[in-house]
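Residues per chain are reported as follows:
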Amino acid sequence: MTTERFSAFWQDKAVLVTGGSSGLGLAIAQAFADAGSRTAIVGLEPEGVEAAVQTLRRRAQSQDAILGTAADITSDHDVARVADAVRSTFGELDVLVNNAGRSMRGGLLDTTPEQFRRLMELNFIALVRVTRTFLPELIRRRGHIVNIGSLASKAAARFVGAYPATKHAVAAYSQQLRLEFGTQGLHVLLVCPGPVARAGERLYGLEGADHVPDSAKKPGAGVRVRAVSPDALAQRILNACRRRRPEIVIPGKARLLFALCQLWPSLGDRLIRWNTRGG
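Source: prediction; values computed, not measured.

Cut-off values and rules
Residues numbered from 1 in each chain as written. Predicted model: local features only at pLDDT ≥ 70, side-chain atom pairs only at ≥ 80, totals over all residues. Heavy atoms only, no water. Helix = DSSP H or I, 4+ residues; strand = E, 2+ residues; numbered from the N terminus. Buried < 20%, exposed > 50% of the residue type's maximum accessible area, 1.4 Å probe, protein only. Contact = heavy atoms within 4.5 Å. Areas by Shrake-Rupley, 256 points an atom, 1.4 Å probe, with all protein chains shown as cover. Axes fitted to C-alpha atoms, helices over the stretch in contact; angles between N-to-C directions. Left-handed = near helix turned anticlockwise from the far one by under 90°. Nonpolar A, V, L, I, M, F, W, Y, C, P; charged D, E, K, R; others polar. 1 Å grid on protein atoms, 1.4 Å probe; cavity = no way out; pocket = protein on both sides within 12 Å on 5 of 7 lines; lining within 4 Å. Points joined across faces, edges and corners; volume = space filled by probe spheres on them. Core = buried A, V, L, I, M, F, W, Y, C linked by side-chain atoms within 4.5 Å. Polar contact = N/O pair within 3.5 Å; in protein donor to acceptor, adjacent residues only side chain to side chain. Parallel < 35°, antiparallel > 145°, perpendicular 65-115°, else oblique. Expected span 1.5 Å × (residues − 1). Pairing = 2+ DSSP bridges.

Tell me about the overall build of the protein, residues and numbers included.
Secondary structure summary: the protein contains nine helices and seven strands in total. Put simply, the protein has 279 residues, and 51% of those count as buried. For the protein, the share of sequence-separated contacts (at least 6 apart) that also reach a separation of at least 24 residues comes to 76%. As displayed, the protein has an accessible area near 13500 Å², and 52% of this comes from carbon and sulfur atoms.

Structure representation (structure tokens):
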């Protein structure tokens, strides 16, 4: 498909990106805005949202095509407020990108039930909350839900605390959405990348990083893969949505590891230990 036809596909589509004020979320929002979509972002910090909105408006075809809302998506009230803002500005939604989330570090004995609860609330329950809010209109419009998972959605690792449990939940929920609503026209894409390259420091500190081996403090908890370009990943997401693909895994060769983990768990465990630094 030519660039012109690709842009035409997304022209005037209404898109919402959670966690869209920085990092991968901002890259995804920029890709949709560049393709002609009307793009809304949600972030926790008002200053960050405003800065991202100004960045997006410099690239958008129209100033009115960009909307930014500061909100806490772990709050029912805030999510309802976001929905009202999006619908009053753009109408019904065509694409929902559930990008907001955090990683962490920590041995399992050092990770408390409260830490599990907090991370599950943001990485999974908030995703469910936002999805349920927009799901009926996304089904009506044969729209797209993009859930940003991780390689940890497919296989766990050491010293990452509650993170793999939350991302496994995202993978299961994505499959359930496909099974229940795929025949009604809804497209659901699960994105499972390795560590995504960062231009600067994390927006929020990496909880628990002071209490793990140095190897686990590295991006991806030390996994031996090249960092993923957020801009390149954003373009792959748009292309996968256009083609209505169910999943992106980067690097693709990790699929073999995930299959081995399912078929031969003990072998999978050994390979994961070997494939992380300091193994």
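There is more to say after this.
Got a sec to walk through the packing of helix 4 (residues 76–90) against helix 5 (residues 113–140)? Specific residues and values, please.
Interaxial distance between helix 4 and helix 5 falls to 9 Å at its minimum, and their mutual angle equals 35°. Of the two possible hands of crossing, helix 4 and helix 5 adopt the one that is right-handed. Contacts between helix 4 and helix 5 pair Asp76, Val79, Ala83 and Arg87 from the former with Arg129, Val130, Thr133, Phe134 and Glu137 from the latter. Class assignment of the residues belonging to the contact of helix 4 with helix 5 gives a composition of four nonpolar, one polar and four charged.

Residues and numbers for the layout of surface pockets, please.
There is about 270 Å³ of room inside the second largest pocket. Of all the secondary-structure elements, those providing two or more residues to the lining of the second largest pocket are helix 6 (163–181), strand 7 (247–250) and helix 8 (254–263). Broken down by element, the residue count for the lining of the second largest pocket peaks at five residues, all from helix 6.

Help me get a handle on the nonpolar core, residues and values and all.
The nonpolar side chains of soluble globular proteins are, as a tendency, buried together. Counting 44 residues, the largest nonpolar core has Leu16, Val86, Leu93 and Leu186 as the members making the most contacts within it. Taken together, the elements giving at least two residues each to this core come down to strand 1 (14–18), strand 2 (38–43), helix 4, helix 5, helix 6, strand 6 (187–193) and helix 8. A total of ten residues in this core trace back to one element, the largest contributor, which is helix 5. Beyond its immediate sequence surroundings of up to four residues, Leu16 is in contact with Ala40, Ile41, Val42, Val82, Val86, Leu93, Val95, Leu96, Val97 and Phe134.

Help me get a handle on the side chain of Ser103, residues and values and all.
Tracing the backbone through its elements, the reader meets Ser103 in the loop between strand 4 (95–98) and helix 5. For Ser103, the side chain forms a polar contact with the side chain of Arg105, separated by 3.2 Å.

Any chance you could break down the side chain of Asn99 for me, citing the residues and the numbers?
One can find Asn99 in the loop between strand 4 and helix 5. Overall, the relative accessible area of 14% leaves Asn99 in the buried class. For Asn99, the residues in contact, after removing those within four places along its chain, are Val17, Thr18, Gly19, Leu24, Gly25 and Ile148.

Tell me about the packing of helix 8 against helix 9 (residues 265–274), and please be specific about residues and values.
Relative orientation and spacing of two packed helices are given, respectively, by the angle between their axes and the distance between those axes. Where helix 8 contacts helix 9, the two axes come as close as 5 Å, and the packing angle between them is 140°. Judged by the angle between their axes, helix 8 and helix 9 are oblique. Crossing geometry of helix 8 relative to helix 9 is assigned as left-handed. When helix 8 is examined against helix 9, the residues Leu257, Leu260, Cys261, Gln262 and Leu263 are found in contact with a partner set consisting of Pro265, Leu267, Gly268, Leu271 and Ile272. Considered class by class, the residues forming the contact of helix 8 with helix 9 number eight nonpolar, two polar and no charged.

Lay out helix 2 (residues 23–34) in plain terms, naming residues and giving numbers.
For helix 2, spanning twelve residues, the distance from its first C-alpha to its last is 17 Å, which sits close to the expected 16 Å at 1.5 Å a residue. Counting buried residues in helix 2 gives ten out of twelve residues, a clear majority hidden from the surface. In the stretch just after helix 2, Gly36 is the one whose phi turns positive, near 95°.

Could you give me a rundown of the sheet that holds strand 7, with the residues and numbers involved?
Pairing within the open sheet is parallel, and its seven strands lie in the order 3-2-1-4-5-6-7. Edge positions in the sheet fall to strand 3 (66–70) and strand 7, since each of these pairs with one other strand and no more. This sheet shows a mean twist of 15° between the axes of neighbouring strands, independent of strand direction. As defined by bridge partners, strand 2 adjoins strand 3 across five bridges and the pair is classed as parallel.

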